[in-house]
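These are the residues of each chain, in order.
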Amino acid sequence: RLGFFWGCSFHTLHNSIFIIPILLIPLIPISSNKSIKITEQSSLNGINYERITNDTIEFDRLKIKDIISKLIIVKKEYIVFEDSLIANKILTLIYAQGTERSSGLLKNSRTIVLNELLRKYNLKMERIPIEIKIYQLQIVDSVKLNLYNLFKKDTLSTGNIPIFYTNEIYLHNADLRLIAMTLDLNYHKEVVCSSINHNKFSIKIPKLEFDELIKYMTNEYGIRLNKRIAGISGYRISTTKK
């Protein structure tokens with residue numbers, strides 16, 4: 001992904017009144033002092049939770065494609081699954097006890113869990129070239145944009161992550177880089193900004209379809225999102241079981 005600007009995990013807790021049947025998979029031995037527990041869920045209803053530390057990894061009711069993208073820190077759009085049924089399996093996964101040594105090398109928890117997940121479902125992961133759309137944020141009407149150069153408390157200083165909890169997002173004293181990263185985060189698009197403009201603006205980002213939002217940003221704020229195609233390295237995940 002090129003990575004999130006905010007180096008933190010987002011934890012979403014959602015309580016459900018439904019009783020969901022589950023399929024329990026026994027504990028998978030990894031080594032003499034390590035193990036991983038996987039539970040297949042039949043629905044996303046319930047608690048959706050994730051936690052990754054140096055010695056603990058927990059995913060509660062996430063799809064395999066989401067889990068793998070978080071383990072290798074790559075957008076899920078850059079991972080191509082050969083089998084969509086595998087990609088959309090919903091899991092609760094718990095791993096603890098941190099790291100293990102293999103051939104004298106330290107193997108981290110992400111690698112251990114990824115390898116065991118691939119092994120469990122007979123999957124192979126390989127790098128492949130893929131094409132993506134990149135949206136370059138650019139000011140086309142600075143006069144219009146500077147109308148929103150207001151003085152309010154900075155969005156980042158409030159501790160609020162700018163994601164869509166309601167129908168709009170308000171950014172206060174946000175520079176163009178933060179505006180681009182907010183769009184990237186909420187729309188799962190590759191939105192970048194290389195502008196040397198360091199001014200800060202207070203703007204509203206309404207919850208619209210992305211194509212509609214592009215028009216809104218230009219008409220309202222004089223900001224254009226120029227689209228281009230770029231080649232990057234992605235991943236293909238295929239099944240090894242015939």
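To be clear, the structure that these remarks concern was listed above.
The rules behind each value
- Residues numbered from 1 in each chain as written.
- Predicted model: local features only at pLDDT ≥ 70, side-chain atom pairs only at ≥ 80, totals over all residues.
- Heavy atoms only, no water.
- Helix = DSSP H or I, 4+ residues; strand = E, 2+ residues; numbered from the N terminus.
- Buried < 20%, exposed > 50% of the residue type's maximum accessible area, 1.4 Å probe, protein only.
- Contact = heavy atoms within 4.5 Å.
- Polar contact = N/O pair within 3.5 Å; in protein donor to acceptor, adjacent residues only side chain to side chain.
- Pairing = 2+ DSSP bridges.
- Axes fitted to C-alpha atoms, helices over the stretch in contact; angles between N-to-C directions.

Novice: Help me out: how do you make sense of the environment of Lys227 in this one?
Specialist: Mapped onto the elements, Lys227 comes out in strand E14 (residues 223–239). We classify Lys227 as exposed; its relative accessible area is 52%. Separated by 93 residues in the primary sequence, Lys227 and Ile134 place their C-alpha atoms 5.7 Å from one another. Lys227 has contacts with Lys133, Ile134 and Tyr135, leaving out every residue within four places of it along the chain.

Novice: Explain the side chain of Glu50 to me, please; I cannot follow it from the model alone.
Specialist: Along the chain, the position of Glu50 falls in strand E4 (residues 49–52). For Glu50, a relative accessible area of 12% corresponds to the buried category. A distance of 3.1 Å separates a polar atom in the side chain of Glu50 from a polar atom in the side chain of Lys70.

Novice: When you look at the sheet that holds strand E12 (residues 190–192) in this model, what are you seeing that I'm missing?
Specialist: Strand pairing in a sheet takes place through backbone hydrogen bonds and is either antiparallel or parallel in direction. An order of E6-E14-E10-E12 is seen for the four strands of this open sheet, with the pairing classed as mixed. Edge strands, defined here as strands with exactly one partner in the open sheet, are strand E6 (79–81) and E12. On average, each strand axis in the sheet is inclined to that of its neighbour by 30°, with strand direction left out of account. Direction of pairing for strand E10 (residues 123–139) relative to E14: antiparallel, over a ladder of 17 bridges. When the sheet's bridge partners are listed, Ile128 is paired in E14 with Gly234. Across the sheet, helix H6 (residues 210–221) touches E10, E12 and E14, and the angle it forms with E14 is around 155°.

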